[in-house]
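Read off the chains here:
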Amino acid sequence: ETTEPETTEPVNELSDYIYGDVNGDGKVNVKDATEIQRVAASIVTFTDVQSVAGDVNGDGKCDILDVTLIQMFAADYKVDKIGEKIPNSHEVVGGG
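Residues numbered from 1 in each chain as written. Predicted model: local features only at pLDDT ≥ 70, side-chain atom pairs only at ≥ 80, totals over all residues. Heavy atoms only, no water.

**Student:** What is the right way to look at the overall build of the chain in this model?
**Tutor:** Assigned secondary structure in the chain consists of three helices and two strands. When the helices and strands of the chain are placed in sequence order, the string is β-α-β-α-α. Expressed as a percentage of its 96 residues, the buried residues of the chain come to 34%. Intrachain contacts of the chain at a sequence separation of at least 6 include 66% that bridge at least 24 residues. Roughly 5,600 Å² of accessible area belongs to the chain as shown, and the carbon and sulfur atoms make up 49% of that amount. (Helix = DSSP H or I, 4+ residues; strand = E, 2+ residues; numbered from the N terminus. Buried < 20%, exposed > 50% of the residue type's maximum accessible area, 1.4 Å probe, protein only. Contact = heavy atoms within 4.5 Å. Areas by Shrake-Rupley, 256 points an atom, 1.4 Å probe, with all protein chains shown as cover.)

Structure below.
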């Protein structure tokens with residue numbers, strides 16, 4: 001029996017997200033970093049919108065590099081884009 005990864009709780013609109021906030025609670029913190037780690041381990045999958053929010057370094061994927069940047073942000077380092085609203089004009093293309 002194959003078990004599919006669960007999908008995290010989605011927020012429907014891109015404008016409801018800020019960069020780094022993959023769980024949609026309005027904050028960027030270690031909870032978001034943990035969710036990206038869970039995606040990297042294939043425990044959960046993100047919606048396309050969550051993937052946009054989680055790809056804070058802009059390389060097209062949510063991975064350990066994004067986790068590191070979010071952890072730095074949570075430790076009060078200034079990290080470009082993180083914590084900023086995602087513009088509605090951002091194109092959402094495929095998840096992961």
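Having seen the structure, we can now continue with the description.
**Student:** Even after reading the chapter, I still don't get helix H1 (residues 30–40), so can you show me in this structure?
**Tutor:** A turn of α-helix holds 3.6 residues, and therefore any two residues three or four places apart point the same way. Within H1 the residues assigned to the buried category are Asp32, Ala33, Glu35, Ile36 and Val39. Along the axis of H1, the buried positions cluster into a sector of 160°, meaning they face one direction only. Tucked inside the fold, the buried residues of H1 contact strand E2 (44–45), helix H2 (48–54) and helix H3 (64–74). Regarding H1, its N-cap is Asn29, as a side-chain oxygen of that residue lies 3.0 Å from the backbone nitrogen of Lys31 further along. The first or second residue beyond H1 is Ser42, which carries a positive phi of 60°. (Arc of directions from axis to C-beta. Polar contact = N/O pair within 3.5 Å; in protein donor to acceptor, adjacent residues only side chain to side chain.)

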